[in-house]
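Architecture at a glance
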Amino acid sequence: MAKVVIMDHPLIKHKIGYIRREETGTKDFRQTVSEIAMLICYEATRDLELSDVTIKTPICETTVKELKGKKMAIIPILRAGLGMVDGVLELIPAAKVGHIGLYRDPETHKPVEYYCKLPEDCGEREVFVVDPMLATGGSAAAAISMLKDKGCKNIHFMCIIAAPEGLEVLKEAHPDVDIYVGALDEKLNEHAYIVPGLGDAGDRIFGTK
Ligand code: PRP
Ligand code: URA
């Protein structure tokens, strides 16, 4: 069983509180989502492997730690996942970026696929799937299944807000995937929106409502 980590950092809590407010406008919402993504990424990369390398400082020779250099990929689930990409790239600037397009059918709440473009060698990469919202869990579970079909093995999922229902669905569907959650909320409402949540993440990032 992989791990589920719920963030416990005051900066993350403060920033999530800010984006939950209905009066937070598009520009600030977008900026803060990016900052939260960077902070969650810091936690999600905690277990990356290191190796010892001998270098010379201006004073003497010494051994330092270096990332083992496993290649990485960031995969946002469109649209809202795009809001997390820049924040993650701040910490992992050399990562390749793939895109998976899914939207939730408003009636059934089931994910509908409309786009998939991944780095050619994504099967050899450490993959970080990003989406601010884990509600029913359908979109995240479907995106990760698509990645596994393309040969991805080392998959991590990062979200800003999760509902308990979605977290259970994702754990059950993909027990091998590490899950990093900014805040675990109370429940889903009758429209499968997260309560208290922050509303529609895509609309708030892109100002479409
Ligand atoms: C939102 C969100 C997730 C999905 C979560 O996307 O960004 O992808 O809903 O819901 P689920 O866990 O119940 O599947 P949405 O379908 O609204 O599309 P958008 O990002 O294009 O707005
Ligand atoms: N998608 C969102 O953007 N918000 C929710 O609360 C649920 C799904």
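The structure presented is a predicted model; accordingly, all values stated were derived computationally and were not measured.

1. Quick word on the layout of surface pockets
For the largest pocket, the calculated volume is near 600 Å³. Lining the largest pocket are 28 residues, and of these Tyr103, Arg104, Ser139, Tyr193 and Asp200 sit closest to its centre. Mapped onto the lining of the largest pocket, the elements with two or more residues apiece are strand E4 (72-78), strand E6 (99-104), strand E9 (133-134), helix H4 (138-149) and helix H6 (201-206). Residue classes in the lining of the largest pocket are distributed as 15 nonpolar, eight polar and five charged.

2. A closer look at the pairing of strand E11 (residues 178-184)
Along E11, six of the seven residues are buried, which leaves the element largely enclosed by surrounding structure. Examined bridge by bridge, strand E1 (residues 4-6) and E11 share three bridges and lie parallel to one another. If you follow valine 5 over to E11, its bridge partner there is tyrosine 180. Bridge count between strand E10 (residues 154-162) and E11: six bridges; the pairing is parallel. Following the sheet pairing, methionine 158 is matched in E11 by tyrosine 180.

3. Quick word on the site of ligand 2
By nearness alone, every residue bordering ligand 2 is listed as Arg104, Met133, Ala135, Ala192, Tyr193, Ile194, Gly199, Asp200 and Ala201. For ligand 2, a nitrogen atom lies 2.8 Å from a polar atom in the backbone of glycine 199. One of the backbone nitrogen or oxygen atoms of alanine 201 is found 2.8 Å away from an oxygen atom of ligand 2. Here ligand 2 has 240 Å² of accessible area as a free molecule, and 89% of this is covered by the chains. More than half of the atoms of ligand 2 fall within 2 Å of the grid points belonging to the largest pocket.

4. Digging into unusual backbone geometry
The step from leucine 78 to arginine 79 runs through a cis peptide bond, and the omega angle for that step is -5°. Structurally, arginine 79 is set in the loop between E4 and helix H3 (82-91). Here the residue pair valine 195 and proline 196 is connected by a cis peptide bond, since its omega of 0° sits within 30 degrees of zero. The backbone phi angle of histidine 109 is positive, close to 65°, even though this residue is not glycine. With respect to the element layout, histidine 109 can be found in the loop between E6 and strand E7 (111-117). The phi dihedral of alanine 192 falls on the positive side, at around 60°, and the residue is not glycine. Note that alanine 192 resides in the loop between strand E12 (187-188) and strand E13 (194-195).

5. A few points about the site of ligand 1
In the vicinity of ligand 1 lie 15 residues, with Arg104, Asp131, Ala135, Thr136 and Ser139 positioned nearest. Aspartate 131 places a polar side-chain atom, nitrogen or oxygen, 2.4 Å from an oxygen atom of ligand 1. Glycine 137 is positioned such that a nitrogen or oxygen atom in its backbone is 2.8 Å from an oxygen atom of ligand 1. Protein burial of ligand 1: of its 500 Å² of free accessible surface, 91% is covered by the chains.

6. Notes on the pairing of strand E2 (residues 50-56)
Pairing of E2 with strand E3 (residues 61-67), which is carried by seven bridges, proceeds in the antiparallel orientation. Residue pairing across strands places aspartate 52 opposite lysine 65, the latter belonging to E3. Between E2 and the antiparallel strand that follows it, E3, lie four residues.

7. Thoughts on the side chain of threonine 32
Mapping threonine 32 onto the fold places it in helix H2 (residues 26-44). Here threonine 32 falls in the buried class, since its relative accessible area comes to 6%. Not counting the four nearest positions on each side in its chain, threonine 32 is found in contact with Lys15, Tyr18 and Ile19.

What counts as what
Residues numbered from 1 in each chain as written. Chains lettered and ligands numbered in written order. Predicted model: local features only at pLDDT ≥ 70, side-chain atom pairs only at ≥ 80, totals over all residues. Heavy atoms only, no water. 1 Å grid on protein atoms, 1.4 Å probe; cavity = no way out; pocket = protein on both sides within 12 Å on 5 of 7 lines; lining within 4 Å. Points joined across faces, edges and corners; volume = space filled by probe spheres on them. Helix = DSSP H or I, 4+ residues; strand = E, 2+ residues; numbered from the N terminus. Nonpolar A, V, L, I, M, F, W, Y, C, P; charged D, E, K, R; others polar. Buried < 20%, exposed > 50% of the residue type's maximum accessible area, 1.4 Å probe, protein only. Pairing = 2+ DSSP bridges. Near = heavy atom within 4 Å. Polar contact = N/O pair within 3.5 Å; in protein donor to acceptor, adjacent residues only side chain to side chain. Areas by Shrake-Rupley, 256 points an atom, 1.4 Å probe, with all protein chains shown as cover. Sits in = over half its atoms within 2 Å of the grid points. Contact = heavy atoms within 4.5 Å.

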